[in-house]
Amino acid sequence: MTNDDAADPVITPADGAPRSGSTPPAARPMGTFMATCLVTGNMIGSGVFFLPRALSAFGWIAILAWIVTGAGSMLLALTFARLGSAYPSTGGPYIYVRHAFGDSAGFIVAWGYWLTVVVSNAAVSVAAVDFLSYFFDGLADNTAVRLATNLAIIWGLTAIAARGVHSSGAMAVITTVLKLIPLLAVTIVGLMVADLSALEFNPSGEPPLTALGAAAALTLFAFIGLESATIPAGELQPPAGRTLAVSTITGTAIAVVVYIFGTLAVFGQLTPAELSVSANPFGDAAESIFGSTGGSIIAAGAVISALGTLNGFILLQGHMPLAAARDGLFPNWFRNENTRGVPMFGLIASSVIASVCVFVAELSEDGFDTLVLVTTVTALLPYLMSAAAQLLLMVTDRDAFNPVALISDGVIAGLAFAYSAWTIWGSGAESVRYSAMLLIAGVPLLIIMRWQQARDGKVSDAAAL
């Protein structure tokens, strides 16, 4: 049977707290359109405006790379759609992995995902301030002003998130629409007047498969965030499973289309030589189409895009530890919610950590690059583990899945697992090392929480799997 209209599944908690598998609905739940904007907005951040420069070295191979990573991301979206329909509860990948593999595996995913979001929020905030410096020269080199602006952005969006998922969702709708307008304008008009005669198939000089792998490594991180609707799943409009599935698939598909055709439009406006030295490829393409005003519009779109992504992930940053805390795997403080159902301790603690990371990024020479390296693999691990969880749960909890689609769902999950493993391999050894240390840092907390469970005699069924 399908779970679109069924009650939330019961996942045994580690204590008497509300079950993460039966999340109470939000007072003002997030509908399908709003959740779709959250997914699309979280994926289409700042990178899309600059990637064409790096991809220009690969010619048509770059477009093939977008197609490959887009197909892989759609496999993941379909996997999350099926898992979300089966288990429509707050926590997303944590819920699926814990249900399949037990508490320890669930904790590792929750810990890694939470810190990935928090640290990435600092990096996105820094990027937003960089974009703002296009309009305000004083932001470029004045560290004090940059720090103040970063903090104002983070805590302003934190205040919006504190008002509930509907407020952050409304912000996601506004910023996603505003960021898509200039991107689609450049894409549509750019394709109409594109000159692709100078674009070579593989100007990199590398063997085609090697070049494809290198180009794909640049594009795959543009799809981080496709799981966004699964995290606050308990606060989606009923039936939550259907809302989650539609928004995840639709939001990912929109991003795939924008990335592929947007890159092609930029390639059609600027020569490879121009792209190789362009600091703002989308802006330069817009200027070639619409004049100087086009460049300013794209710069504004980049600011809105970064703010929209930051808004979406600040919304999510308290929900993952909330789900883990309900199961006794995070400290009880993370279960504190305000009257609007917002996990306030997790929200505020996360923004405090993000603020500290901003100082690291702004005050150290390589701080920004370090933040990116630390979170690269931890952002991908939940995808790998979620695909593996579906493969197992289709056997151990078959009633949660559509029996007619078991074979096709199994094939999709298997391919999604293989794709996720490939993306982790392609992220590089240095990223793996940094991310491994971030995960290892959570082991002491896991030991403490599991000891408390054993002391109180409240070890969950999932922990015994």
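Scroll up to find the structure this text is about.
Residues numbered from 1 in each chain as written. Predicted model: local features only at pLDDT ≥ 70, side-chain atom pairs only at ≥ 80, totals over all residues. Heavy atoms only, no water.

> Help me understand the environment of Thr219 in this model?
As for its placement among the helices and strands, Thr219 is situated in helix H9 (residues 208–219). Residues Thr219 and Leu55, 164 residues apart in the sequence, show an inter-C-alpha distance of 8.6 Å. Contact partners of Thr219, with chain neighbours within four places excluded, come to Leu55, Ala65, Trp66 and Thr69. (Helix = DSSP H or I, 4+ residues; strand = E, 2+ residues; numbered from the N terminus. Contact = heavy atoms within 4.5 Å.)

> Can you walk me through the packing of aromatic side chains in this structure?
Each pair of aromatic rings is reported with the distance of its centres and the angle of its planes. For the structure on display, the rule yields 19 aromatic pairs. Here Phe80 and Tyr96 contribute two aromatic rings whose centre-to-centre distance is 6.4 Å and whose plane-to-plane angle is 45 degrees, an arrangement assigned as tilted. You can see Phe80 sitting in helix H3 (residues 60–86) and its partner Tyr96 sitting in helix H4 (residues 93–101), a full 16 residues away along the chain. (Phe/Tyr/Trp six-rings, centres within 6.5 Å; stacked < 30°, edge-to-face > 60°.)

> What is the right way to read helix H5 (residues 103–132) from this model?
Residues separated by three or four positions in an α-helix point in the same direction, a consequence of the helix having 3.6 residues per turn. The end-to-end C-alpha distance of H5, which contains 30 residues, comes to 43 Å, matching closely the 44 Å that a straight helix rising 1.5 Å per residue would cover. Where burial is concerned, most of H5 is hidden: 26 out of the 30 residues are buried. (Expected span 1.5 Å × (residues − 1). Buried < 20%, exposed > 50% of the residue type's maximum accessible area, 1.4 Å probe, protein only.)

> Explain the packing of H5 against helix H13 (residues 292–316) here, please?
Helix-helix packing is characterised by the crossing angle of the two axes and by the distance between the axes. Running from N to C, H5 and H13 point in directions that differ by 160 degrees, and their axes come no closer than 9 Å. Regarding the angle of H5 to H13, the classification is roughly antiparallel. Our pair here, H5 against H13, has a crossing hand that is left-handed. Contacts between H5 and H13 involve Tyr113, Val117, Asn121, Val124, Ser125, Ala128, Phe131 and Leu132 on the former and, on the latter, Ala302, Val303, Ala306, Leu307, Thr309, Leu310, Phe313, Ile314 and Leu316. (Axes fitted to C-alpha atoms, helices over the stretch in contact; angles between N-to-C directions. Parallel < 35°, antiparallel > 145°, perpendicular 65-115°, else oblique. Left-handed = near helix turned anticlockwise from the far one by under 90°.)

> Would you take a moment to explain the nonpolar core for this structure?
What tends to happen in soluble globular proteins is that the nonpolar side chains get buried as a cluster. Tyr87, Tyr259, Phe330 and Phe401 are the most contacted members of the largest nonpolar core, which totals 129 residues. The biggest single contributor to this core is H5, with 17 residues. (Core = buried A, V, L, I, M, F, W, Y, C linked by side-chain atoms within 4.5 Å.)

> Is there a simple way to think about unusual backbone geometry in this case?
Phi is mostly negative for residues that are not glycine, and the peptide bonds are mostly trans. In this model, Pro238 is joined to Pro239 through a cis peptide bond whose omega is -10 degrees. Here Pro239 lies in the loop between H9 and helix H10 (240–267).

> Looking at this structure, how should I read the pattern of salt bridges?
Pairs can form between side chains of opposite charge whenever their charged atoms are close. Applying the stated criterion across every chain, the model contains six salt bridges. With its nearest N and O atoms 3.6 Å apart, the salt bridge here joins Arg98 to Asp327. With Arg98 in helix H4 and Asp327 in the loop between helix H14 (319–326) and helix H15 (344–363), the pair connects residues that are 229 residues apart, well separated along the chain. As far as burial versus exposure is concerned, Arg98 and Asp327 are alike and both buried. The shortest N-O distance in the salt bridge between Asp130 and Arg146 comes to 2.7 Å. Here the residue Asp130 occupies a position in helix H5, and Arg146 occupies one in helix H7 (residues 143–161), the gap between them amounting to 16 residues. (Salt bridge = Lys/Arg side-chain N within 4 Å of Asp/Glu carboxyl O.)

Functional significance is not addressed by these values, which are geometric in nature.
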